Amino acid sequence: MRNIPELSIPQVLRSCGFLAAIGEEVLPQIARTAAIERYSRGDLIFPEGAQCRGMYIVGKGAVKIYKIGPDGREHVIHVAEPGDCFGEAALFLGQGYPAYASAVKDSVLVLLRKAPLLELLEREPELCFKLLGSMSMWTHRLVTKLELLTLRDASSRLASYLLSKAEPVSGRVTLNIPKQTLAAQLDVASETLSRMLNRFEAQAMIEVNGRQIAITDRRSLQELADME
């Protein structure tokens, strides 16, 4: 595993959208339930059905959440990137993990351990309400992602993805995950993704340079993203 810069647990907690409504004064309590784990690219974090150890937050790297079909093919449900969490459903439902999780690249994760986190929530009822607020915001985000996958065609999904990842000022997008993984996340074949990127570039909406993509016509890309 290549060297990855050190991260502090509070730093990762602050970056997590799932915990957005949690106050700064509560973070130290949550941090005491956490541990840092490191995984190399391709490492399995947990298989489907495994006993829940807790919920994870990505500090560095990327993790794919996926199912394996009867034909043995992987179906990527979600790719968790820095600030994203996964495994929270198993934590609060008291069940095993509902899908597989593996590292797309060398990754640093924060594990909020199940037993101490649930004990903390039992002791601090006010924290439960704050966490419910964060969960509501997180659910809205996931519903938006579901709409992206089910109501829009492939070009619209790609346009929305690029806009969501673009830096505010420069409009540049850095693909931090392999194109094959991105294709699976957008529910298209790798060849289809390559064709769409070529078409977007031919239409002067983007410029592609390896993993760097510059958005050159945000308005047209937004119009495409808005189409259903």
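What you are looking at is a predicted structure, and each value in this text was computed from that prediction instead of being measured.

Cut-offs applied
Residues numbered from 1 in each chain as written. Predicted model: local features only at pLDDT ≥ 70, side-chain atom pairs only at ≥ 80, totals over all residues. Heavy atoms only, no water. Pairing = 2+ DSSP bridges. Helix = DSSP H or I, 4+ residues; strand = E, 2+ residues; numbered from the N terminus. Contact = heavy atoms within 4.5 Å. Axes fitted to C-alpha atoms, helices over the stretch in contact; angles between N-to-C directions. pLDDT = per-residue confidence, 0-100. Buried < 20%, exposed > 50% of the residue type's maximum accessible area, 1.4 Å probe, protein only. Arc of directions from axis to C-beta. Core = buried A, V, L, I, M, F, W, Y, C linked by side-chain atoms within 4.5 Å.

Caption draft 1: A look at the sheet that holds strand β8 (residues 107-113). Read across the sheet, four strands follow the order β1-β8-β3-β6 without closing on themselves; strand pairing throughout is antiparallel. Every interior strand has two partners, whereas the edge strands, β1 (34-39) and β6 (85-86), have only one. On top of the sheet, helix α4 (residues 114-123) reaches β3 (54-60) and β8; it is set at about 50 degrees to β8, its chief contact.

Caption draft 2: Spotlight on the confidence of the model for the protein chain. Summing up the model confidence of the protein chain, the mean pLDDT is 86 and the portion of residues at 70 or higher is 88%. Confidence scores differ between elements of the protein chain, with helix α5 (residues 125-150) showing the lowest mean pLDDT of 66 and strand β2 (residues 44-46) the highest of 97.

Caption draft 3: Representation of α4 within the structure. Among the residues making up α4, those that are buried are L117, L120 and L121. Viewed along the axis of α4, the buried residues span an arc of 100 degrees, placing them on a single side of the element. Opposite the buried face of α4, by more than 90 degrees, sit the exposed residues E122 and R123.

Caption draft 4: Examining the sheet that holds strand β5 (residues 74-80) more closely. Ordered in space as β2-β7-β4-β5, the four strands form an open sheet in which the pairing is antiparallel. The open sheet has two edge strands with one neighbour each: β2 and β5. Averaged over neighbouring strand pairs, the angle between their axes works out to 35 degrees when direction is ignored. Two elements, β2 and strand β7 (residues 100-103), share two bridges in a ladder whose sense is antiparallel. Among the inter-strand pairings, F46 is bridged to a residue of β7, identified as A101.

Caption draft 5: Inspection of the pairing of β5 at higher detail. Relative to β5, strand β4 (residues 63-68) is paired through six bridges, and the arrangement is antiparallel. The partner of V63 across the bridge, within β5, is A80. The loop that links β4 with its antiparallel partner β5 comprises five residues; one of these, G72, has a positive phi angle of about 85 degrees.

Caption draft 6: Structural view of the nonpolar core. Membership of the largest hydrophobic core comes to 42 residues, with the highest contact counts inside it found for L13, I45, Y56, I57, F86 and L112. Sorting elements by how many residues they give to this core places β8 first, with five residues. Listed in part, the 29 residues of the second largest apolar core include A62, L162, I177 and V188.

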